[in-house]
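If you want the building blocks of each chain, they are given just below.
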2 protein chains.
Amino acid sequence: MTGQRMTPAEQAQLAMMLEVTAFPKPGNVDRCHDYPDTRLEHFLASVIFVQPSLAMASEPGARTGALIRDAVARTNVHSGGNTHFGAFLLIIPLIMGGDIDGAIKVVRQTTVDDAVEFYQAFAMTQVRVLSSDTLDVNDPAALDMIRQQHLTLYDIMEHSAGNDMIAREWINGFQKVRIGADLLKGHGHGRNSIVQTFLDLLSFELDTFIIKKHGKEIAEKTMMNAREVKDGHLDLTMFDRSCIDAGINPGSTADIMIGSLYVALGEGWQWDS
Amino acid sequence: MTGQRMTPAEQAQLAMMLEVTAFPKPGNVDRCHDYPDTRLEHFLASVIFVQPSLAMASEPGARTGALIRDAVARTNVHSGGNTHFGAFLLIIPLIMGGDIDGAIKVVRQTTVDDAVEFYQAFAMTQVRVLSSDTLDVNDPAALDMIRQQHLTLYDIMEHSAGNDMIAREWINGFQKVRIGADLLKGHGHGRNSIVQTFLDLLSFELDTFIIKKHGKEIAEKTMMNAREVKDGHLDLTMFDRSCIDAGINPGSTADIMIGSLYVALGEGWQWDS
């Protein structure tokens, strides 16, 4: 089945489903691993519940911030907490724009209202932020500051790009999403490419979700371990086990992967070969 | 999260997702087992792609046969083949009717057109039928016979009820779906109840999908093994392994389970406790 036969929303849901079921994936929830509070079913329930937000993203007049807030609200209904915040930041502009070039335009056109709605979405979740951040989402003054300084959602992402690899995608033209899509296609059709691409992405760059949760040293160690797996010096299953045991989940890399899967599916990469 | 906050279509998709991810489930595709040609991702892709058919089932003027055909067409697009034919026969009337009492009325009101559309759906799939069946779906004369004899879809199900436990549900008032929903609630909230209920259902009655594929003797042996697991005389993982190795998948019991999950979710049973 190729991308042409799917709606953009279905293509995004398929990307989310394929990411979470790919196995073995170091540290993240996957087909064979849960975390005590966030399990495979929570991720898959979010794939189901987010459908209306993703369908609206293809409609004329769709607005980035409002849709991100809508998607977070629809998926924040189960006990598994936030599952896809970072992924929504990527796939909603990708659906709205049609492709990466279109998504680049979409994010540059975001407004102050989009920024406010993004912060309202943020406030529903437990997404990790660095406490040193002057635009701390838990700070009620942040919304006033956004309005007073006329900050758009793009401005917010520019501000966060140093510490957050998803924000960085908005600024650098979805660079890592593009690389991931090319890697997926390079590794060939089918689910094994997802695992290989995940390892590639993890070995290139520090996962900022790990930095926020465990600090830079652990993120660096995780990146080095991913390289060792690729070089054949570390067993993937062992690496996965050690990540799971220590609660080290490369969540931002998983979000990038969802964006990459969305793009690759649209370019003819086949998931079920 | 309770059933009230979901749309009927979401509730049905959730039931399909929870059934296929429940583990360990003897013989069927589950979180940890694939068959070579039909994998977990195929089932989950069908959960995504069937959404419009399920949403239409809540609309006024919905028609059973047309929706079954629509659901089969939408999910017949990947290489995994037919994944949910039997389940659609249960959940579409359940959504249309609102509950089991409503579904009983829906199936009794089906028409000759519904029967024709059902056969058109059938023709898209590789669903197993007994070759002794006079209404063999592979026989072009069957459609003429349906029209000449004014057979409704309910009549077709009545004709098939002896050999097919899904058809039997239409005739006996969704009896096994009801029992499964009560068992789920009795075993308590959460995913472990799904596995227990699956074993209960498998130990009560021969799975007609196994009969059609392997014969009655194997179906009886599977039922007896399920009883032994319940009695603590056989290890569930061993039973699962032996079924998978022999290709014995209780597919009709899985379809009943999806109907039971749909009903139980609507009655307050919680999946994520």
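It should be emphasised that the depicted structure is a prediction, and the values quoted were computed from it without experimental measurement.

**Q** Honestly, the overall build of chain A in this entry has me stumped. Any pointers?
**A** Along the backbone of chain A there are 16 helices and zero strands. Whereas a compact globule of 273 residues would reach a radius of gyration of roughly 19 Å, chain A reaches 17 Å, a difference of no more than 12%. With respect to the principal axes defined by its C-alpha atoms, chain A has extents near 55 × 45 × 35 Å. Burial analysis of chain A (273 residues in total) assigns 59% to the buried set. Contacts in chain A between residues far apart in sequence, at least 24 positions, make up 71% of those at least 6 positions apart.

**Q** Would you explain the relation of the copies chain A and chain B in this entry?
**A** One chain copy maps onto the other through a rotation about an axis and a shift parallel to that axis. Note on the copies: chain A fits chain B at an RMSD of 0.0 Å, the axial shift is 0.0 Å, and the rotation between them is 180°. Look at the turn and shift together and you get a two-fold axis relating the two. Looking at chain A, 100% of its interface residues are interface residues in chain B too, so the copies touch through the same face.

**Q** What is the right way to look at the environment of A:Trp269 in this model?
**A** All names here are of chain A. Its place among the elements puts Trp269 in the segment after helix H16 (251–266). The exposure class of Trp269 is buried, given its relative accessible area of 2%. With sequence-adjacent residues up to four places away left out, Trp269 is seen in contact with Leu18, Leu184, Lys185, Gly188, His189, Gly190, Ser193, Ile194, Leu261 and Ala264. Within the structure, Trp269 has its side chain in polar contact with the backbone oxygen of Leu184 (distance 3.4 Å).

**Q** Hey, could you run me through unusual backbone geometry in this one?
**A** Of note, the bond from A:Phe23 into A:Pro24 is cis; its omega dihedral lies within 30 degrees of zero at -10°. Within the fold, A:Pro24 resides in the loop between helix H1 (8–21) and helix H2 (40–49). One non-glycine residue, B:His150, lies in positive phi territory at about 50°. Note that B:His150 resides in the loop between helix H8 (141–148) and helix H9 (153–160). B:His150 gets classed as exposed once you look at its relative accessible area, which sits at 60%.

**Q** Would you mind showing me how to read the packing of helix H1 (residues 8–21) of chain B against helix H2 (residues 40–49) of chain B here?
**A** Relative orientation and spacing of two packed helices are given, respectively, by the angle between their axes and the distance between those axes. Residues and elements named next belong to chain B. The contact between H1 and H2 brings their axes to 9 Å, and the two run at 175°. Between H1 and H2, the interaxial angle falls into the category roughly antiparallel. Residues Gln13, Met16, Met17, Val20 and Thr21 of H1 touch H2, and the partners they reach there are Leu40, Phe43, Leu44, Ser46, Val47 and Ile48. Among the residues forming the contact of H1 with H2, the class breakdown is eight nonpolar, three polar and no charged.

**Q** So what exactly am I meant to see when it comes to the side chain of A:Thr125 here?
**A** Residue and element names in this part refer to chain A. Checked against the element boundaries, Thr125 lands in the loop between helix H7 (112–124) and helix H8 (141–148). For Thr125, a relative accessible area of 11% translates into the label buried. Within the local environment of Thr125, its side chain forms a polar contact with the backbone oxygen of Phe122, the two atoms lying 2.9 Å apart. Not counting residues up to four positions away in its chain, the partners in contact with Thr125 are Val72, Asn82 and Phe85.

**Q** Looking at this structure, I do not really get the packing of aromatic side chains. What am I missing?
**A** The relation between two aromatic rings is expressed through the spacing of the ring centres and the mutual angle of the planes. All names here are of chain B. Scanning the entire structure with this criterion turns up 10 aromatic pairs over all chains. Judged by centre distance (5.1 Å) and plane angle (55°), the rings of Phe85 and Phe122 are tilted. You can see Phe85 sitting in helix H5 (residues 85–97) and its partner Phe122 sitting in helix H7 (residues 112–124), a full 37 residues away along the chain. On the basis of relative accessible area, Phe85 is assigned to the buried category, the value being 4%.

**Q** Before we go on, may I ask you to explain the interface of chain A and chain B in this structure?
**A** Many analyses report the size of an interface as the accessible area lost when the parts associate. At the interface, 31 residues of chain A touch 31 residues of chain B. For the chain A face of the interface with chain B, the top three residues by lost area are A:Arg31, A:Glu41 and A:Ile48, together amounting to 25%. Across the contact surface, chain A and chain B share eight salt bridges. Of all the secondary structure elements, the ones that give two or more residues to the side of chain A that touches chain B are H1 and H2 of chain A. Ranked by the residues each element gives to the side of chain A that touches chain B, the list is headed by H2(A), at eight residues. Its residues assigned to classes, the side of chain A that touches chain B comprises 14 nonpolar, eight polar and nine charged.

**Q** Looking at this model, I keep getting lost on the packing of helix H11 (residues 175–187) of chain A against H16(A). Mind explaining?
**A** Residue and element names in this part refer to chain A. Closest axis-to-axis distance for the H11/H16 pair is 8 Å, and the angle between their directions is 60°. Judged by the inter-axis angle, H11 sits oblique to H16. H11 and H16 meet at a crossing whose hand is right-handed. Facing H11, whose interface residues are Lys176, Val177, Arg178, Gly180, Ala181, Leu184 and Lys185, H16 presents Ile256, Gly259, Ser260, Leu261, Val263 and Ala264. Here the residues of the contact of H11 with H16 sort into seven nonpolar, three polar and three charged.

**Q** It is not clear to me how the confidence of the model for chain A should be interpreted in this structure. Could you clarify?
**A** Detailed reading of the predicted coordinates is not advisable wherever pLDDT is low. Mean pLDDT over chain A stands at 91; residues scoring 70 or higher make up 93%. Scored by ipTM, the complex comes to 0.92, with pTM at 0.94.

**Q** Any chance you could explain helix H15 (residues 236–246) of chain B here in plain terms?
**A** Spacing of three or four residues puts side chains on the same side of an α-helix, whose turn is 3.6 residues. All names here are of chain B. Turning to H15, its buried residues are Leu236, Phe239, Asp240, Cys243 and Ile244. In an axial view of H15, the angular spread of the buried residues amounts to 130°, which keeps them on one side of the axis. Exposed positions of H15 whose direction lies more than 90 degrees from the buried face are Thr237, Met238 and Asp245. Those residues of H15 that are buried are in contact with helix H12 (192–204) and helix H14 (216–230).

How each quantity is defined
Residues numbered from 1 in each chain as written. Chains lettered and ligands numbered in written order. Predicted model: local features only at pLDDT ≥ 70, side-chain atom pairs only at ≥ 80, totals over all residues. Heavy atoms only, no water. Helix = DSSP H or I, 4+ residues; strand = E, 2+ residues; numbered from the N terminus. Rg over C-alpha atoms; globule rule 2.2 N^0.38 Å. Buried < 20%, exposed > 50% of the residue type's maximum accessible area, 1.4 Å probe, protein only. Contact = heavy atoms within 4.5 Å. Least-squares fit on C-alpha atoms with pLDDT ≥ 70 in both. Polar contact = N/O pair within 3.5 Å; in protein donor to acceptor, adjacent residues only side chain to side chain. Axes fitted to C-alpha atoms, helices over the stretch in contact; angles between N-to-C directions. Parallel < 35°, antiparallel > 145°, perpendicular 65-115°, else oblique. Nonpolar A, V, L, I, M, F, W, Y, C, P; charged D, E, K, R; others polar. Phe/Tyr/Trp six-rings, centres within 6.5 Å; stacked < 30°, edge-to-face > 60°. Buried area = accessible area lost by both parts, 1.4 Å probe. Salt bridge = Lys/Arg side-chain N within 4 Å of Asp/Glu carboxyl O. Left-handed = near helix turned anticlockwise from the far one by under 90°. pLDDT = per-residue confidence, 0-100. Arc of directions from axis to C-beta.

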